[in-house]
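Below, each chain spelled out in residue letters.
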Amino acid sequence: LVANGEIFSELQVEPFTIEQMRFFLDNWYRQMQNVITGLSADEARRQVLELVTEIERSDGLRILGETPLLLTLIASLRCIGDAELPRERWKLLDKAVNMLLYSWQRRKRDESRLLAVDDPALQARIDEVLGRADGRALLLQQLYCLAYEVHADPSRQLYRNTASSINEDELM
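As the structure is a prediction and not an experimental result, all values here were calculated from the model. (Residues numbered from 1 in each chain as written. Predicted model: local features only at pLDDT ≥ 70, side-chain atom pairs only at ≥ 80, totals over all residues. Heavy atoms only, no water.)

Re the nonpolar core
Item 1. Counting 24 residues, the largest nonpolar core has Leu-25, Tyr-29, Leu-51, Ile-55, Ile-74 and Leu-92 as its most contacted members.
Item 2. At the level of elements, helix H1 (18-35), helix H2 (41-57), helix H3 (59-65), helix H4 (68-79) and helix H5 (89-108) are the ones that each hand at least two residues to this core.
Item 3. Among the elements that line this core, the one with the most residues is H4, at 6 residues. (Core = buried A, V, L, I, M, F, W, Y, C linked by side-chain atoms within 4.5 Å. Buried < 20%, exposed > 50% of the residue type's maximum accessible area, 1.4 Å probe, protein only. Helix = DSSP H or I, 4+ residues; strand = E, 2+ residues; numbered from the N terminus.)

So, the packing of H1 against H4
Item 1. The N-to-C vectors of H1 and H4 enclose an angle of 50°; their axes lie 11 Å apart at closest approach. Relative to H4, H1 is oriented oblique. Handedness of the crossing formed by H1 with H4: right-handed. Residue-level inspection shows Met-21, Phe-24, Leu-25, Trp-28 and Tyr-29 of H1 in contact with H4, the latter providing Pro-68, Leu-71, Thr-72, Ala-75, Ser-76, Arg-78 and Cys-79.
Item 2. In terms of residue class, the contact of H1 with H4 is built from 9 nonpolar, 2 polar and 1 charged. (Axes fitted to C-alpha atoms, helices over the stretch in contact; angles between N-to-C directions. Parallel < 35°, antiparallel > 145°, perpendicular 65-115°, else oblique. Left-handed = near helix turned anticlockwise from the far one by under 90°. Contact = heavy atoms within 4.5 Å. Nonpolar A, V, L, I, M, F, W, Y, C, P; charged D, E, K, R; others polar.)

Describing the side chain of Glu-54
Item 1. The residue Glu-54 is located in helix H2 in this model.
Item 2. Its relative accessible area of 19% is what places Glu-54 among the buried residues.
Item 3. Dropping the residues within four chain positions of it, Glu-54 is found in contact with Leu-61, Arg-78, Leu-85 and Arg-87.

Observations regarding the packing of aromatic side chains
Item 1. This model, assessed by the stated rule, comprises 2 aromatic pairs.
Item 2. Each ring, one from Phe-16 and one from Phe-24, has its centre 5.5 Å from the other, and the planes form 50°; the classification is tilted.
Item 3. The exposure class of Phe-24 is partly exposed, given its relative accessible area of 21%.
Item 4. Here the aromatic rings of Trp-28 and Tyr-29 are separated by 5.0 Å at their centres, their planes lie at 80°, and the arrangement is edge-to-face.
Item 5. Taking the relative accessible area as the measure of exposure, Trp-28 reaches 14% and is therefore buried.
Item 6. By relative accessible area, which is 0% here, Tyr-29 ends up buried. (Phe/Tyr/Trp six-rings, centres within 6.5 Å; stacked < 30°, edge-to-face > 60°.)

Re helix H6 (residues 120-130)
Item 1. Within the sequence span of H6, burial applies to Leu-122, Ile-126 and Asp-127. The arc enclosing the buried residues of H6, seen along the axis, measures out at 140°, which places them on a common side. The outward face of H6, more than 90 degrees from its buried face, is lined by the exposed residues Pro-120 and Glu-128.
Item 2. Within two residues after H6, Gly-131 carries a phi angle of roughly 70°, on the positive side. (Arc of directions from axis to C-beta.)

Focus: the side chain of Gln-47
Item 1. Residue placement: Gln-47 occurs in helix H2.
Item 2. In contact with Gln-47, not counting residues within four places along its chain, are Tyr-29 and Leu-39.

Focus: the pattern of salt bridges
Item 1. Scanning the entire structure with this criterion turns up 10 salt bridges.
Item 2. Measuring nitrogen to oxygen at the nearest pair gives 3.5 Å for the salt bridge that ties Arg-62 to Asp-59. Of the two residues, Arg-62 and Asp-59 are both situated in helix H3; the distance of 3 residues between them amounts to about one turn of the helix.
Item 3. Judged by relative accessible area, Arg-62 falls into the partly exposed class, the value being 26%.
Item 4. For Asp-59, a relative accessible area of 52% puts it in the exposed group.
Item 5. Glu-88 is the partner of Lys-91 in a salt bridge, and the nearest nitrogen-oxygen pair spans 3.2 Å.
Item 6. Judged by relative accessible area, which is 38%, Lys-91 ranks as partly exposed.
Item 7. Given a relative accessible area of 38%, Glu-88 falls into the partly exposed group.
Item 8. If you follow the salt bridges from partner to partner, you end up with Glu-19, Arg-22 and Glu-56 in one network. (Salt bridge = Lys/Arg side-chain N within 4 Å of Asp/Glu carboxyl O.)

Here is the structure:
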């Protein structure tokens, strides 16, 4: 692959097996013990076992979990207490966006004043930044359209779980 006169190697990440997912999640939860107050080693092991069992029982979760990034999102959602994990990619990404917006907003604000994604103050700020009364709805609509365009074009995907790429000029 050549871009701007530079030669790059193109690599493909093979889908995780269940055993690789278990190994990945063991390590992920071990790292989370350093981040999440009160997550003991026993609780981390229990959560890994529960999550791997759920992944094994669900074709949708298993397919999503074959990709390290999506498996990280699944683990993150479970770690914040999301009881119902999505089996479809778009639902997982939707929940992940909401989780990340919430997390970002929490870090930007005083820890004692958390702002939920559906909070009117957040919606008002998005409206203000975009200069429209329906800013949040417009932003979500544009993100959904972008996601559709990227995933609808088979030439953008090497195989079903790879990240798609889009050129900057296509965004403008």
